[in-house]
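Geometric and topological summary
Below are the chains, spelled out letter by letter.
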Amino acid sequence: MPKIESPDFLKNQGLGNEIGFYVFDYPAESELEVREHLTFMTDKMKKRGKTFADINLFEIVIEILDSRKLTERAFKVQKERGDDALFNALKGPLEQNRVAEFIAKKANLENSEFILVHGLGSAWPIIRGHGLLNALHAKVGSVPTVLFYPGEYDGLTLKPFGEIDSNNYYRAFKLVP
């Protein structure tokens, strides 16, 4: 929490002209502890008067589907035709740029000091970490953004759940080196 509340973080200072995107990677088996700590941390920061966007990706997926009246149809496709058919059916409505745009609107960027993005494990593989970060880059501008990532980030590539080789390059800073 001290890093997120620091003036350097909030003003994107000391980044060598890079954008203020951070990844907090953690072992996937620690998901429940991370969720619990996130709740504790966000409650504490709200009490301290911090203004930020707390984005749960699974909830965003549901909101987008509900807004387009696709939720029930998605359940039906999954039940009748399986996961692959569902994944293919959702590629358009949940394309990464559309999700990023939805997040940017929900984040109320003018009034947010930073953005915390979590719940990726529940939204994966429909939402992919590298694709979302790339799409968010153009949408959130200079608002510092932290992705809580269930997997490994070595400073160059994201490895979902610490087991799946993705070979997807993304430039972000590790929140905790």
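We now turn to the structure provided with this report. (Residues numbered from 1 in each chain as written. Predicted model: local features only at pLDDT ≥ 70, side-chain atom pairs only at ≥ 80, totals over all residues. Heavy atoms only, no water.)

**Comments concerning the packing of aromatic side chains**
Here is the rule: Between rings of Phe, Tyr and Trp, where Trp is taken as its six-membered ring, a pair exists when centres lie within 6.5 Å; planes separated by under 30 degrees are stacked, by over 60 edge-to-face, and by other angles tilted. Under the scheme used here, helices are H or I runs from DSSP no shorter than 4 residues and strands are E runs no shorter than 2 residues, and both carry numbers assigned from the N terminus. Only protein chains enter the accessibility calculation, which uses a 1.4 Å probe; a residue is then buried when its area is under 20% of its type maximum, exposed when over 50%, and partly exposed in between.
This model, assessed by the stated rule, comprises 3 aromatic pairs. Relative to Phe114, the ring of Phe52 has its centre 5.0 Å away and its plane inclined at 5°; by these criteria the two rings are stacked. Placement of the pair is Phe52 in strand β2 (residues 52–56) and Phe114 in strand β3 (residues 114–118), with a sequence separation of 62 residues. An identical accessibility class is assigned to Phe52 and Phe114; each is buried.

**Things to note about helix α3 (residues 31–47)**
Spelled out, the test is: Helix span is expected to be 1.5 Å times the residue number reduced by one. As used here, the arc belongs to the directions running from the helix axis to the C-beta atoms.
Taking 1.5 Å per residue, 17 residues should reach 24 Å; α3 reaches 24 Å between its end C-alpha atoms and fits that length. Along α3, the positions that sit buried rather than exposed are Glu31, Val34, Leu38, Met41, Thr42 and Met45. Angularly, the buried residues of α3 cover 100° about the axis, an arc narrow enough to put them on a single face. Looking at α3, the residues exposed on the side facing more than 90 degrees away from the buried face are Leu32, Glu33, Glu36 and Lys47. Phi for Gly49, located one or two positions after α3, is positive at around 90°.

**Quick look at the pairing of strand β4 (residues 145–153)**
Note the threshold: Pairing between strands is defined by DSSP: at least two bridges between the two strands are required.
Counting buried positions along β4 yields 8 of 9 residues, so the element is predominantly enclosed. Alignment of β3 against β4, held across 3 bridges, turns out to be parallel. Looking at β4, one finds that Ile115 is bridged to Thr145. Note: β4 against strand β5 (residues 158–160), 3 bridges, orientation antiparallel. Looking at β5, one finds that Glu152 is bridged to Lys159. Between β4 and the antiparallel strand that follows it, β5, lie 4 residues; Gly155 among them carries a positive phi value of about 95°.

**A few points about helix α5 (residues 71–81)**
Going by this rule: Whether two residues are in contact is decided by their heavy atoms, any of which lying within 4.5 Å being enough.
Those residues of α5 that fall on the buried side of the exposure criterion are Thr71, Ala74 and Val77. When α5 is viewed along its axis, its buried side chains cluster within an angular range of 120° and face the same direction. Among the exposed residues of α5, those pointing more than 90 degrees away from its buried face are Glu72, Arg73, Phe75, Lys79 and Glu80. Buried positions along α5 lie against α4 (57–67) and α6 (83–90). Positive backbone phi, approximately 95°, marks Gly82, located one or two places after α5.

**Points about the packing of α5 against α6**
Test applied: To get an axis, fit a line to the C-alpha atoms, keeping to the stretch in contact for a helix; angles then go from 0 to 180 degrees between the N-to-C directions. Each residue gets one label: Ala, Val, Leu, Ile, Met, Phe, Trp, Tyr, Cys and Pro are nonpolar, Asp, Glu, Lys and Arg are charged, and the others, such as Gly, are polar.
Where α5 meets α6, the closest approach of the two axes is 7 Å, and the angle between their N-to-C directions is 145°. Contact residues: α5 offers Ala74, Val77, Gln78 and Arg81, while α6 offers Asp83, Ala85, Leu86 and Leu90. Its residues placed into classes, the contact of α5 with α6 shows 5 nonpolar, 1 polar and 2 charged.

**Section: the nonpolar core**
Filter applied, for reference: Buried Ala, Val, Leu, Ile, Met, Phe, Trp, Tyr and Cys residues that are joined via side-chain atoms within 4.5 Å together make up what is termed a nonpolar core.
Formed by 39 residues in total, the largest nonpolar core has its most connected members in Ile55, Leu57, Val99, Ile103, Ile115, Ile127 and Leu132. The contact partners of Ile55, leaving out residues within four places of it in the chain, are Ile60, Ile103, Lys106, Ile115, Leu116, Val117 and His118. Leu38, Met45, Phe52 and Leu175 belong to the second-largest nonpolar core, a separate cluster that totals 14 residues.

Function cannot be read off these values alone, since they describe shape.
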